[in-house]
Amino acid sequence: MLGCGAGDDQNTVISEAVGADVTRELRVVPADDVAVVLAALRTALTADGPAVLPVAAGFDGANLPRDVPQRVALVVETSGSTGRPKRVALSTDALLSSAAASASALGGPGQWLLALPAHYVAGTNVLVRSLAAQTEPVVLPGAHFGVDNFLDAARQMDADLRFVSLVPAQLRRLLEEDAALGVLRRFDRILVGGQSTPADVLDRAQELGLNVTRTYGSSETSGGCVYDGVPIGNTRVRILGGQVELAGSVLAEGYLGDDQRAAARFHVDDGVRWYRTGDTGVLVNGTLRVTGRMDDVIISGGVKVSLAEVERVVRNLPGLGDAVVVAATNQQWGQVPVVVSTAAVELTWLRTAVKAALGAASAPASVLLVATMPQLASGKPDRQTLALLAQARALGRAPR
């Protein structure tokens, strides 16, 4: 088990002193109007206003409660890259604990650039950190991320400490543009998370002298709570049954309207409340290394194959830094790995490379070439769509 900055509160189960009848209104706000989200968060965090649920266009408000417990300040709706939607309820204490832990890890409070959607926890995190630091965040102009609008926004930053949070695909695009390098070097820290960052992206950033930190966390932990494998604040990490579990003051209250799911994910052990992440991992010399998902292990010809491990090997091959590995059913083997890529690749060469690293069962059965990689609004690959495409191709129904 790994812990950092332990405090008395990490050994205390979340208090039930606030009764279920003490509530406040839940306000839905459009995530694309960042000024509205920021103002709503400001009053929510001081308990003077309603709790906030930032939403994207097309939001389905079915079964949304009118009120939430008083301690809840923010609700984040997310389905991750797979699975049904969940509405994560975060308290004021959790959000401000996360902001304080981040500021301590980064060397102090500073000015943030918002380059991620405000309805995802990584986006709201930037706004909460800005409110806690009493600094004005700079917001990326336009509806979508682009190198030019990123550079325009970054040049507006004037604080002594400058921070930005990105997903790997955004960082990769910026690293490909020579014009971006000088601006990127102005950031005191570039946080990159939301998914595993390819080794070639990290190596390139290091070669260029950029101060990049890999973050790990989720909506259930108020965003990133492990930096470069080390927990921040009073976050604690342990591996139980091969699964990564997290504890600390940053944990969510649970899920709105889904007590069954909350009971499956959050549990108390010896007086400490833990969150089951669903990720597999190991602690190596006190540092967390996430190895995959509990549900991404397939059985191929009777052999367990980790899709995350296959993807790690594939992404380290030349030209395949953004490749995604999904599963498809196969009459002979049961399930097989399929590589989805925007770059053409010779299958025999690819199979040989993966087989040498992980064994024959892990060798991809096919390559699905796509013009563009489907993505969620957060910038993560849309694995659900990719799995459907791969399966349709396996059945001979995929578009050519």
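Everything numeric here is computed off the predicted structure, so don't read it as measured data.

Participant: How should the overall build of the chain be read in this particular structure?
Facilitator: Of the regular secondary structure elements, the chain holds 11 helices and 24 strands. In summary, the chain has a C-alpha radius of gyration of 21 Å against a globular reference of 21 Å for 400 residues, a match within 12%. Its C-alpha atoms put the chain at 60 × 50 × 45 Å along the principal axes. Counting over 400 residues, the chain shows a buried share of 50%. Excluding contacts between residues fewer than 6 apart, the proportion of contacts in the chain whose partners are at least 24 apart in sequence is 63%. In the form shown here, the chain has an accessible surface area of approximately 18100 Å², with 50% of it arising from carbon and sulfur atoms. If the 36 positive side-chain charges of the chain are averaged to one point and the 40 negative ones to another, these points end up 6 Å apart.

Participant: Please explain the pairing of strand β22 (residues 324–330) as it appears in this structure.
Facilitator: Burial of β22 is extensive: 5 of the 7 residues sit out of reach of the surface. Judged from the 7 bridges that link them, β22 and strand β23 (residues 334–341) form a sheet pairing that is antiparallel. From the neighbouring strand, A327 faces β23, where its bridge partner is P337. Following β22, the chain reverses through 3 residues before pairing antiparallel with β23.

Participant: Explanation requested: the packing of aromatic side chains in the structure shown.
Facilitator: Both the distance between ring centres and the angle between the ring planes are used here to describe each pair of aromatic rings. Using the criterion set out here, one finds 5 aromatic pairs in the structure. Note on Y255 and F266: the rings are 6.0 Å apart at their centroids and 55° apart in plane angle, and the pair reads as tilted. Of this pair, Y255 sits in strand β16 (residues 254–255) while F266 sits in strand β17 (residues 266–269), placing them 11 residues apart in sequence. Aromatic ring contacts, followed pair by pair, group F145, F150 and F187 into a single cluster. The side chain of R238 reaches across the aromatic face of W274, ending 4.1 Å from its centre. Above the plane of the ring of Y255 lies R261, whose end atom (NZ or CZ) is 5.7 Å from the centre.

Participant: Is there a simple way to think about the pattern of salt bridges in this case?
Facilitator: Opposite charge on two side chains permits pairing when their charged atoms draw close. In this structure the tally under the stated criterion is 16 salt bridges. For R276, the salt bridge goes to E245, with nearest N and O atoms at 3.8 Å. Of the two residues, R276 sits in strand β18 (residues 272–284) while E245 sits in strand β15 (residues 243–247), which places them 31 residues apart along the sequence. Since its relative accessible area comes to 25%, R276 is described here as partly exposed.

Participant: Can you help me understand the pairing of strand β24 (residues 366–369) in this one?
Facilitator: Within a regular strand, side chains alternate between the sheet's two faces. Both β23 and β24 contribute to a ladder of 4 bridges, which runs parallel. Each residue of the ladder has a partner; that of S341, found in β24, is L369. Running through helix α10 (residues 347–358), the crossover from β23 to the neighbouring parallel element β24 is right-handed.

Participant: Sorry if this is basic, but what is going on with the side chain of T221 here?
Facilitator: With respect to the element layout, T221 can be found in the loop between β11 (212–218) and β12 (223–227). A polar side-chain atom of T221 sits 2.9 Å from the main-chain amide nitrogen of S218. Those residues within four positions of T221 in sequence are excluded, and the remaining contacts are L246, V250, L251 and Y275.

Participant: Would you explain the sheet that holds β11 in this entry?
Facilitator: Where strands meet in a sheet, backbone hydrogen bonds hold them as pairs that are either parallel or antiparallel. Taken together, the 7 strands give an open sheet; going across it, the order is β8-β7-β9-β10-β11-β12-β13, and neighbouring strands pair in mixed fashion. The strands lining the two open edges of the sheet, one partner per strand, are β8 (138–139) and β13 (230–231). Pairing of strand β7 (residues 111–114) with β8, which is carried by 2 bridges, proceeds in the parallel orientation. Looking at the pairing, L113 lines up with V138 of β8. Helix-sheet contacts for helix α5 (residues 168–175) involve β9 (162–166), β10 (189–192) and β11, and the interaxial angle to β9 is about 115°.

Participant: Looking at this structure, how should I read helix α4 (residues 147–154)?
Facilitator: Every α-helical turn comprises 3.6 residues, leaving residues that sit three or four positions apart pointing alike. Taken across its 8 residues, α4 has 6 buried, putting it largely inside the fold. Restricting attention to buried positions, one finds in α4 the residues V147, N149, F150, L151, A153 and A154.

Participant: Before we go on, may I ask you to explain a negative patch on the surface in this structure?
Facilitator: Negative charge collects at one region of the surface, where D148, E176, E177, D178 and D322 lie side by side. By secondary structure assignment, the location of D148 is in helix α4.

Participant: Mind showing me how you'd approach the nonpolar core here?
Facilitator: Burial of nonpolar side chains together is a common tendency in soluble globular proteins. Formed by 37 residues in total, the largest nonpolar core has its most connected members in L41, L74, L90, L95, L127 and F266. Put simply, the parts of the chain that give this core at least two residues each are α1 (34–45), β5 (72–78), β6 (86–91), α2 (92–106), β7 and α3 (121–133). Among the elements that take part in this core, α1 stands out by supplying 7 residues, more than any other. Among residues more than four places away in sequence, those in contact with L127 are V34, V37, L38, L41, L114, A118 and P137. A115, V183, L184 and V192 belong to the second largest nonpolar core, which has 28 residues in total.

Conventions used here
- Residues numbered from 1 in each chain as written.
- Predicted model: local features only at pLDDT ≥ 70, side-chain atom pairs only at ≥ 80, totals over all residues.
- Heavy atoms only, no water.
- Helix = DSSP H or I, 4+ residues; strand = E, 2+ residues; numbered from the N terminus.
- Rg over C-alpha atoms; globule rule 2.2 N^0.38 Å.
- Buried < 20%, exposed > 50% of the residue type's maximum accessible area, 1.4 Å probe, protein only.
- Contact = heavy atoms within 4.5 Å.
- Areas by Shrake-Rupley, 256 points an atom, 1.4 Å probe, with all protein chains shown as cover.
- Lys, Arg positive; Asp, Glu negative; His and termini not counted.
- Charge placed at Lys NZ, Arg CZ, Asp CG, Glu CD.
- Pairing = 2+ DSSP bridges.
- Phe/Tyr/Trp six-rings, centres within 6.5 Å; stacked < 30°, edge-to-face > 60°.
- Lys NZ or Arg CZ within 6 Å of the ring centre and 35° of its normal.
- Salt bridge = Lys/Arg side-chain N within 4 Å of Asp/Glu carboxyl O.
- Right-handed = clockwise from strand over helix to strand, strands pointing away.
- Polar contact = N/O pair within 3.5 Å; in protein donor to acceptor, adjacent residues only side chain to side chain.
- Axes fitted to C-alpha atoms, helices over the stretch in contact; angles between N-to-C directions.
- Patch = residues over 30% accessible without salt bridge, like charges linked within 9 Å, V, L, I, M, F, W, Y side chains within 5 Å.
- Core = buried A, V, L, I, M, F, W, Y, C linked by side-chain atoms within 4.5 Å.

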